[in-house]
Amino acid sequence: MTEIQQEICPITGDDLFIILDRPNVKFEYPIHCHPEYEINVVINTNGTRVVGDCEESFSGLDFVMIGPYVSHVWKSDSENNHEITIQFSEDLLNFHIMNKRPFVPIKQLLMDSMQGLHFYGEDAERIKDEIVELTRMQGFQTATKFFSILNSLAHAPYQCSFCTFLEYESCHTIDRK
């Protein structure tokens, strides 16, 4: 049995989210989990992704959203992996605004991410570009862009293709077009 380490993320109580843009990263870290949500975009490389108890190969663009405490790791022999990671608090689901009508799709996205979500196709490419743009922003505009990205993800097709320690009964593709 593989030991799953708990990562201590650099997000603080004053942060809405953190974004880490790591070009030329080596995937050397072990399988891990953390209490934060995570959006992970791996660009122009190939390898293997493990989320929960599901292991899959990837190439080109790998775009995944993971809920709190879902174990995950990316593996690649390449030393030129480009990874952009957004991490944000599990408390976001409890923000009062998430119960307001415009935010209901985002709330559903957050709940679905407890299984791990894989985004694909033209929408994934477009949203990846928005995330790259977010890496270059500062200030209040980062907050509005962050929620815009979550809204785009909530309306993009995604696949719940991972099983987790929660032992979900079914995984399915949701096309929200």
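Everything below is about the structure printed above this text.
Overview of the structure.

Criteria and cut-off values
Residues numbered from 1 in each chain as written. Predicted model: local features only at pLDDT ≥ 70, side-chain atom pairs only at ≥ 80, totals over all residues. Heavy atoms only, no water. Salt bridge = Lys/Arg side-chain N within 4 Å of Asp/Glu carboxyl O. Helix = DSSP H or I, 4+ residues; strand = E, 2+ residues; numbered from the N terminus. Buried < 20%, exposed > 50% of the residue type's maximum accessible area, 1.4 Å probe, protein only. Axes fitted to C-alpha atoms, helices over the stretch in contact; angles between N-to-C directions. Parallel < 35°, antiparallel > 145°, perpendicular 65-115°, else oblique. Contact = heavy atoms within 4.5 Å. Nonpolar A, V, L, I, M, F, W, Y, C, P; charged D, E, K, R; others polar.

## As for the pattern of salt bridges
Item 1. A full pass over the atoms with the stated rule returns 10 salt bridges.
Item 2. For the salt bridge of Arg-22 with Glu-83, the shortest nitrogen-to-oxygen distance reads 2.8 Å. Here Arg-22, found in strand β2 (residues 18-25), pairs with Glu-83, found in strand β7 (residues 81-88); they are 61 residues apart in sequence, far enough to count as distant.
Item 3. Looking at Glu-83, the relative accessible area reads 2%, which means it is buried.
Item 4. When the shortest N-O distance is used, the salt bridge between Glu-133 and Lys-145 registers 3.6 Å. Taken together, the residues span a long stretch of sequence, with Glu-133 in helix α2 (residues 121-134) and Lys-145 in helix α3 (residues 140-155) at a distance of 12 residues.
Item 5. Put simply, Asp-123, Arg-126, Glu-130, Glu-133 and Lys-145 are held in one network by salt bridges that share partners.

## Describing the packing of helix α1 (residues 104-112) against α3
Item 1. For the pair α1 and α3, the least separation of the axes is 8 Å and the interaxial angle reads 75 degrees. Considered as vectors, α1 and α3 are oriented roughly perpendicular to each other. Where α1 abuts α3, its residues Pro-105, Ile-106 and Leu-109 lie against Phe-147, Leu-150, Asn-151, Leu-153, Ala-154 and His-155.
Item 2. Partitioning the contact of α1 with α3 into residue classes produces seven nonpolar, two polar and no charged.

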